[in-house]
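Each chain is listed here by its residues.
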Protein chains: 2
Amino acid sequence: MKFDDKIPIYYQIKNYIYRQIIIGELAPGDKLPAVRQLAVDLTVNVNTVQRALGELISEKIIEPQRGKGNFVTEDKQTIEKLKKLLITDQLKELYENLHKLNVTDQEILNYLQDYINERKQVQS
Amino acid sequence: MKFDDKIPIYYQIKNYIYRQIIIGELAPGDKLPAVRQLAVDLTVNVNTVQRALGELISEKIIEPQRGKGNFVTEDKQTIEKLKKLLITDQLKELYENLHKLNVTDQEILNYLQDYINERKQVQS
DNA sequence: TATAGTGTAATAGTAAAATATAACACTAGG
DNA sequence: CCTAGTGTTATATTTTACTATTACACTATA
């Protein structure tokens, strides 16, 4: 996995696991890979993985079971809320950053539409 | 100014100056505040300001004149390009992050429309 | 009961960002 | 020529993220 060197690795790992859960790659009740395995997979230190997991545990997104592993929460509502939160955070960031550049609401929508259209052009 | 502790301060300062230039708060040819003044205004160390300015200089966004100050480039095309780049970067980030959550193109547009509509509701 | 697999935590060391402080180089104006 | 204002650079220190390594605690199972 490639990391953005402007953002703490543990934070990027946290978001990576968020995504795995939201897209169902990790379903409710699923066991996460062992911390040492995650460390190897992501080529980072165990403590860095643990720091990310620690926050996910605090947020009740995963539940640790000593000697067994870490498990995705069974509470689907928590996951659904998380998904909405992440999406809203993204929209908020786009919106605020473009407004700081004096881009209007309508322009934001137009720019996004253009961007999506252009991506389709390139693909085909 | 409030800084995001997940992102280097010098990098946030760089983007702050980008914005000042793009919205015309700093016009082409304008002199920037003195580095020491910027440091005071942003409650940050001179070296941190200098690191941000150093990158802007490398990018030809500002031009330093020893003993006089730092000046915004006169080249309006450079500024226009910068604006487009920043906007595209923002769109790209939104697009990619939402796609990682399995959100489709159409959903992205709808979510953004909803988000903007809701903001208008709240304001009124 | 021994062992392998798991989470958890502590220690020590490294690297990068940021700070405090000082010094140097240039410009403009009295 | 002197001084104030400016950019530029260097040194030492602190803080935080990350790493390497080790150890401990718990679970399941042969």
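As a reminder, the structure under discussion sits directly above these lines.
A brief report on the enclosed structure follows. The structure presented is a predicted model; accordingly, all values stated were derived computationally and were not measured.

All right, on to the relation of the copies chain A and chain B then. The two copies are related by a screw motion: chain A maps onto chain B through a turn of 180 degrees and a shift of 0.0 Å along the axis, at an RMSD of 0.1 Å. Given the turn and translation reported, the copies of this chain are related as if by a two-fold rotation axis. Proximity to the rotation axis, assessed at the C-alpha, singles out A:Ile7 in chain A; its C-alpha lies 2.9 Å from the axis. Here 100% of the interface residues in chain A have copies in chain B that are interface residues too; the copies meet face to matching face.

A few words now on the pattern of salt bridges. All names here are of chain B. Applying the stated criterion across every chain yields a total of 8 salt bridges over all chains. Residues Asp5 and Lys6 are paired through a salt bridge, measuring 3.7 Å at the closest nitrogen-oxygen approach. Note that Lys92 and Glu96 form a salt bridge whose closest N and O atoms lie 3.0 Å from each other. You can see Lys92 and its partner Glu96 sitting in helix H4 (residues 76-99), 4 residues apart, about one turn around the helix. Judged by relative accessible area, Lys92 falls into the partly exposed class, the value being 37%.

Looking at DNA strand C, there are 23 residues lining it, with A:Arg36, A:Gln50, B:Ile9, B:Asn47 and B:Thr48 nearest. If you look at DNA strand C and keep only atoms within 4 Å of the protein, 70% of those are sugar or phosphate atoms. Separating a phosphate oxygen of DNA strand C from a side-chain N or O atom of A:Gln50 is a distance of 2.6 Å. Between B:Thr48 and DNA strand C, the recorded distance is 2.7 Å, taken from a side-chain N or O atom to a phosphate oxygen.

Let us look at the interface of chain A and chain B. Contact with chain A, which involves 35 residues of that partner, is made by 35 residues of chain B. Counting the surface lost from both chain A and chain B, the interface buries some 3,500 Å², and carbon and sulfur atoms represent 74% of this. When the buried surface of chain A facing chain B is broken down by residue, A:Lys6, A:Leu91 and A:Leu101 rank first, second and third, together holding 19% of it. Run the count over chain A and chain B and you get 2 residue pairs in polar contact (both at pLDDT 80 or more). Among the elements that take part in the side of chain A that touches chain B, helix H4 (residues 76-99) of chain A stands out by supplying 13 residues, more than any other. Looking at the side of chain A that touches chain B residue by residue, the class counts come to 20 nonpolar, 5 polar and 10 charged.

We now examine the protein's contact with DNA strand D. The environment of DNA strand D is formed by 23 residues, the closest being A:Ile9, A:Thr48, B:Val35, B:Arg36 and B:Gln50. When atoms of DNA strand D within 4 Å of the protein are sorted by moiety, sugar and phosphate together comprise 64%. Within the side chain of A:Arg36, an N or O atom sits 3.4 Å from a base nitrogen of DNA strand D. A distance of 3.3 Å separates a phosphate oxygen of DNA strand D from a polar atom in the side chain of B:Asn70.

So, how was this worked out
Residues numbered from 1 in each chain as written. Chains lettered and ligands numbered in written order. Predicted model: local features only at pLDDT ≥ 70, side-chain atom pairs only at ≥ 80, totals over all residues. Heavy atoms only, no water. Least-squares fit on C-alpha atoms with pLDDT ≥ 70 in both. Contact = heavy atoms within 4.5 Å. Salt bridge = Lys/Arg side-chain N within 4 Å of Asp/Glu carboxyl O. Helix = DSSP H or I, 4+ residues; strand = E, 2+ residues; numbered from the N terminus. Buried < 20%, exposed > 50% of the residue type's maximum accessible area, 1.4 Å probe, protein only. Near = heavy atom within 4 Å. Polar contact = N/O pair within 3.5 Å; in protein donor to acceptor, adjacent residues only side chain to side chain. Buried area = accessible area lost by both parts, 1.4 Å probe. Nonpolar A, V, L, I, M, F, W, Y, C, P; charged D, E, K, R; others polar.

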